Amino acid sequence: MRPTRRQMLHQLGAGFGSLGLANVLANAGLLSHAQAETASPLAPKKPHFPSKVKHVIQLFMPGGPSHVDTFDHKPMIAKHAGERPKIVDRRSLRNTKNGLMPSPFAFIRHGECGKWVSEIFPNVAKCVDDICFIHSMHTDIPEHAGAILMMNAGHLQPTRPSLGSWLVYGLGTENDNLPGFVAMSPRAQPRGKLANWSNSFLPGAFAGTYVNVHEMKPDAVLSNLVNRDLGRTEQRRQVDLLTKLNRMQLERLEQDQQLEASIQTMEMAFRMQFAVPDAFDVSRESQATRELYGDTEYAKGCLLARRLIERGVRMVQLSHSIDGYDIAWDTGHHDIKGGHTKLAQACDQGIAALLVDLKARGLWDETLVMWGGEFGRAPTSEQKNGRDHDHYGFTVWLAGGAVKGGFSYGATDEFGLSAVEKRVHVHDLHATVLHLLGLDHEQLTYRYSGRDYRLTDVHGRVVRDILA
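Residues numbered from 1 in each chain as written. Predicted model: local features only at pLDDT ≥ 70, side-chain atom pairs only at ≥ 80, totals over all residues. Heavy atoms only, no water.

Caption draft 1: Layout of the overall build of the chain. Across its full length, the chain holds 13 helices and 17 strands. Here the chain, with 468 residues, has 57% of them falling under the buried criterion. At a minimum sequence separation of 6, the contacts of the chain that also span at least 24 residues come to 78%. In the structure as shown, the chain presents an accessible area of about 19800 Å², 49% of it carried by carbon and sulfur atoms. (Helix = DSSP H or I, 4+ residues; strand = E, 2+ residues; numbered from the N terminus. Buried < 20%, exposed > 50% of the residue type's maximum accessible area, 1.4 Å probe, protein only. Contact = heavy atoms within 4.5 Å. Areas by Shrake-Rupley, 256 points an atom, 1.4 Å probe, with all protein chains shown as cover.)

Caption draft 2: Structural detail: the packing of aromatic side chains. Overall, the coordinates contain 13 aromatic pairs when judged by the stated rule. Note on Tyr169 and Phe206: the rings are 5.5 Å apart at their centroids and 75° apart in plane angle, and the pair reads as edge-to-face. You can see Tyr169 sitting in helix 7 (residues 163-171) and its partner Phe206 sitting in the loop between strand 5 (181-185) and strand 6 (209-212), a full 37 residues away along the chain. The exposure class assigned to Tyr169 is buried, which follows from its relative accessible area of 19%. A relative accessible area of 3% places Phe206 in the buried class. Here Phe201 and Tyr453 contribute two aromatic rings whose centre-to-centre distance is 4.9 Å and whose plane-to-plane angle is 50°, an arrangement assigned as tilted. Placement of the pair is Phe201 in the loop between strand 5 and strand 6 and Tyr453 in strand 17 (residues 451-453), with a sequence separation of 252 residues. Of the two residues, Phe201 and Tyr453, both sit in the buried class. Put simply, the rings of Trp166, Tyr169, Phe201, Phe206, Tyr446, Tyr448 and Tyr453 pair up and form one aromatic cluster. (Phe/Tyr/Trp six-rings, centres within 6.5 Å; stacked < 30°, edge-to-face > 60°.)

Caption draft 3: Quick look at the pattern of salt bridges. Applying the stated criterion across every chain, the model contains 23 salt bridges. Across the pair Arg361 and Glu310 runs a salt bridge, and its minimum N-O distance is 3.9 Å. Within this pair, whereas Arg361 is found in the loop between helix 12 (336-360) and strand 8 (367-372), its partner Glu310 is found in helix 11 (residues 297-310), the two being separated by 51 residues in sequence. What makes Arg361 partly exposed here is its relative accessible area of 34%. Residue Glu310 is classed as partly exposed on the basis of its relative accessible area, which comes to 35%. Here Arg451 makes a salt bridge to Asp457, at a shortest N to O gap of 3.4 Å. Among the ionic contacts, a cluster of salt bridges with common partners joins Asp278, Asp281, Arg284, Glu285, Arg306, Arg307, Glu310, Arg311, Asp357 and Arg361. (Salt bridge = Lys/Arg side-chain N within 4 Å of Asp/Glu carboxyl O.)

Caption draft 4: Representation of unusual backbone geometry in the model. Here the phi dihedral of Arg187 falls at roughly 75°; this positive angle occurs in a residue that is not glycine. Locating Arg187 in the fold gives a position in the loop between strand 5 and strand 6. Overall, Arg187 belongs to the partly exposed group, its relative accessible area being 42%. Backbone geometry places Lys384, a non-glycine residue, at a positive phi of 75°. Looking at where Lys384 falls in the secondary structure, it is placed in the loop between strand 9 (376-377) and strand 10 (389-390). Of the residues examined, Lys384 reaches a relative accessible area of 66% and is grouped as exposed.

Caption draft 5: Representation of the environment of Ser40 in the model. Positionally, Ser40 belongs in the loop between helix 3 (33-39) and strand 1 (55-60). Owing to a relative accessible area of 0%, Ser40 belongs among the buried residues under this scheme. Separated by 165 residues in the primary sequence, Ser40 and Ala205 place their C-alpha atoms 9.2 Å from one another.

Caption draft 6: Seen up close, the environment of Gly350. Along the polypeptide, Gly350 turns up in helix 12. Of the residues examined, Gly350 reaches a relative accessible area of 1% and is grouped as buried. Separated by 49 residues in the primary sequence, Gly350 and Gly301 have C-alpha atoms spaced 8.2 Å apart. Discounting residues that sit within four places of it in the chain, Gly350 has contacts with Tyr293, Ala299 and Cys302.

Caption draft 7: Just the packing of helix 11 against helix 12, in detail. Running from N to C, helix 11 and helix 12 cross one another at 25°; their axes reach a closest spacing of 7 Å. As far as their axial angle goes, helix 12 and helix 11 are roughly parallel. The chirality of how helix 11 crosses helix 12 is right-handed. Here helix 11 contributes Tyr298, Ala299, Cys302, Arg306 and Ile309 to the contact with helix 12, which in turn contributes Ala346, Cys347, Gly350, Ile351, Leu354, Asp357 and Leu358. (Axes fitted to C-alpha atoms, helices over the stretch in contact; angles between N-to-C directions. Parallel < 35°, antiparallel > 145°, perpendicular 65-115°, else oblique. Left-handed = near helix turned anticlockwise from the far one by under 90°.)

Caption draft 8: Layout of the side chain of His144. Inspection of the secondary structure assignment puts His144 in helix 6 (residues 144-153). A polar contact of 2.7 Å, which involves the side chain of His144, links it to the side chain of Glu374. Among the polar contacts made by the side chain of His144, one reaches the side chain of His389 at a distance of 3.0 Å. Setting aside anything within four residues of it in sequence, one finds His144 in contact with Gly63, Arg191, Ile327, Asp330, Glu374, Phe375, Arg377 and His389. (Polar contact = N/O pair within 3.5 Å; in protein donor to acceptor, adjacent residues only side chain to side chain.)

Given below as structure tokens:
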């Protein structure tokens, strides 16, 4: 017998309020860990092993920043300018056959560690003693869409949960009023869009929430954030009524996991309309703090990232776009000097300020910051002043109390094309990130379609040499 409209609405409402109540009880320690996991998918969960790190801020640079023009100094390129040594004669996306092109930027040594850094990152350069550089990254494909998905979801196709979704699935969240995973960018979403913060086959409660930080209006960063018809009191009365209905319904029916996850999302939406404006209102920061970060869109995103993890958000992904271009660093194809200079100027001060601010506020030990793109740029020239994609070797750096500061791990060859020493695949990076938050990448699995899936698929090793 088909249900009536009244019955259907009644069933859809069941669970709404009680799940919100379950979150409150779980965080107050009034539910056991097992009860909390059953009652609310977003309830805080214990990691597989103890860890100080609780949050991740991913500073994502889509488009492929050139490692040999930023953090991987290769003086041999200038010495052999114009030549095409056999070691760099490897197929790239376009298989360009031009010779080695020296970096148009000066490299200067910084910090006690003596790290060589390009002149386009003068502020980040001041922080090198707190940064762990991985110079031996490599990935599977020199194409943006697939490589971006690999970096964000561990797979070349948009069919797997994102890193942030896995983290929220494994650890829950520490704030009942904000999403566990927030993805942000100014204007343009990174290529692949939703797939970069998708929950895929994980329950919907673990999906990332996207925010466009271009206009920076606290009450308009999310669509439909404000209820124009009902005030907070009236909305709370609705939730209380649904709580009562839910208690009656739960006496008669068993729980539906997927429905409960959807209901949790609705409950979260109710609470977000009051918490989001506060979290995204950077005017509440002191003038000195705002000046520390600077006034570019990416800098404001860095400040928001700090505000969000300070409020318990598990992961923030901040993608870099400029002038509405979704793979901003891809301007390196035709103009390394002009393109990389403009992009670095837009993010350098904000990134450095974020690192300084995390330390000043006591958030350093519990936060992991990750910088990098989906791949790097070849040391050879393309279109005279540009560089083609390079997935054979590139640089990613990490910062925070859990990794070694002032440390460089692995290496590319003498010209910077291929990772040759202590090679690190994206699966290894993901395994390491999970480990830093107390999660074993082989144990963090989800049963779907007859098999146990995990972020690292059947690969991955923890890069233990970089651990503090």
